[in-house]
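So you can see what is in the structure, the chains are spelled out below.
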Amino acid sequence: MNSFFLFDITFWLYFIAAMLYIVYMVTNRVGELVPAGHPEGGSTRSMAIGQIATILTASGWVANTFALVMRALEAKHAPYANLFESMMLMAWGIIIGYLLLEYIYKIKIIGVFVVSMGFLTIAIASLLPFRYQTVEPLNPALQSNWLLIHVFVTFLGYAAFAIAFGLSIMYLLKERIEKKGMKDSFFMRFPDCTRLDELSYKSIAFGFPFLTFGIISGAIWANYAWGGYWSWDPKETWSLIVWFIYAAYLHARMTRGWRGRRTAIFSVIGFISVIFLYWGVSFILPGLHAYA
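What counts, and where the lines are drawn
Residues numbered from 1 in each chain as written. Predicted model: local features only at pLDDT ≥ 70, side-chain atom pairs only at ≥ 80, totals over all residues. Heavy atoms only, no water. Phe/Tyr/Trp six-rings, centres within 6.5 Å; stacked < 30°, edge-to-face > 60°. Helix = DSSP H or I, 4+ residues; strand = E, 2+ residues; numbered from the N terminus. Buried < 20%, exposed > 50% of the residue type's maximum accessible area, 1.4 Å probe, protein only. Lys NZ or Arg CZ within 6 Å of the ring centre and 35° of its normal. Axes fitted to C-alpha atoms, helices over the stretch in contact; angles between N-to-C directions. Left-handed = near helix turned anticlockwise from the far one by under 90°. Contact = heavy atoms within 4.5 Å. Nonpolar A, V, L, I, M, F, W, Y, C, P; charged D, E, K, R; others polar. Patch = residues over 30% accessible without salt bridge, like charges linked within 9 Å, V, L, I, M, F, W, Y side chains within 5 Å. Areas by Shrake-Rupley, 256 points an atom, 1.4 Å probe, with all protein chains shown as cover. Salt bridge = Lys/Arg side-chain N within 4 Å of Asp/Glu carboxyl O. Polar contact = N/O pair within 3.5 Å; in protein donor to acceptor, adjacent residues only side chain to side chain.

A.B. asks: What should I look at first to understand the packing of aromatic side chains in this one?
C.D. replies: Aromatic rings considered in pairs are described by the distance between their centres and by the relative angle of their planes. For the structure shown, the criterion picks out 22 aromatic pairs. Ring centres of F208 and W243 lie 5.3 Å apart, and the angle between their planes is 35°; on these two criteria the pair is classed as tilted. Highlighted residues: F208 in helix α6 (residues 193-226) and W243 in helix α7 (residues 234-255), separated in sequence by 35 residues. Overall, F208 belongs to the buried group, its relative accessible area being 13%. On the numbers, 6.4 Å between centres and 80° between planes, the contact of Y278 with W279 is edge-to-face. Aromatic rings pair up to connect F11, W12, F15 and F119 into one cluster. Across the ring face of Y103, the terminal group of K106 is positioned such that the distance to the ring centre comes to 4.6 Å.

A.B. asks: I keep staring at the packing of α6 against α7 and nothing clicks. Help me out?
C.D. replies: Packed helix pairs are specified by the crossing angle of their axes together with the interaxial distance, meaning the distance between the axes. Orientation of α6 relative to α7, taken along the N-to-C sense of each, is 145°, at an axis distance of 10 Å. Crossing of α6 against α7: the hand is left-handed. In this structure, α6 uses D197, E198, S200, Y201, I204, A205, F208, L211, T212, I215 and A222 to contact α7, whose residues at the interface are E236, S239, V242, W243, Y246, A247, Y249, L250, R253 and M254. Looking at the contact of α6 with α7 residue by residue, the class counts come to 14 nonpolar, 3 polar and 4 charged.

A.B. asks: Where do I start with a nonpolar patch on the surface in this structure?
C.D. replies: Taken together, the side chains of L148, I149, F213, I216, I220 and Y229 define a hydrophobic patch exposed on the protein surface, amounting to about 560 Å² of accessible area. Counting residues per element, the nonpolar patch draws most heavily on α6, at 3 residues. Checked against the element boundaries, I149 lands in helix α5 (residues 146-180). A relative accessible area of 33% places I149 in the partly exposed class.

A.B. asks: Is there a simple way to think about the environment of T121 in this case?
C.D. replies: Within the element layout of this structure, T121 appears in helix α4 (residues 111-126). On the basis of relative accessibility, which here comes to 11%, the residue T121 falls in the buried class. As for T121 and L89, which are separated by 32 residues in sequence, their C-alpha atoms are 9.6 Å apart. Separated by 2.9 Å, the side chain of T121 and the backbone oxygen of M117 make a polar contact.

The values are spatial; any link to function lies outside them.
Here it is in structure tokens:
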């Protein structure tokens, strides 16, 4: 058994789970019989589908974890030194974040977007050219314990922002349907807008300190590797832009009282910036982080 085999298992478990969450949403009927005290409506059948989806999601996360461990053993270094490995880590963070949200708030329907994002991350990784998937010796600049710290905490932040993005998309869809008075829409089965807005905020508030520490640890690592804390490398510059976007989000919410649609749009813009930081800078803008 190798990391690619475990990766394939992860791929299919996340795929089936994402499809089942969609089926769960379609078959869910608010107001029908559900277990006492459960915050969502739905028939007994839809609740069973949702439970299976959760079990498969958790199983996929276990397979994802073992894939990362096996990759580390094969490579003899932290399992996120290239794009393929970092995307495995990204999916890992998104899914564990979702499982914690479901466990705490008992809302399965957000899996329609969040688990689908975890699957999409794995699916994109599977489409990368083989040269991005193979295990290679570390670039000399990466041969540091700071790799373990910097990349791990940064991607925990990214994963939290991805979850906030999914919740914000759900908010914008639900709000639009409510304004149109389309009470028979599938989107009316989403949690109420206040709950979606609050969960999105909590996700960003959770991820922001990780992003901050990721930038700080990256600066320390840069000084160790290249003799300077900051070189205005494209990825460094864009990481600072992303930090300012989410700092502005938190400032607007905590001091200006922003809620609802404005913060949801802010969250979406923030994650689009994360995607550009992660993918666009890696492929479009050359720099010290080109190895990513």
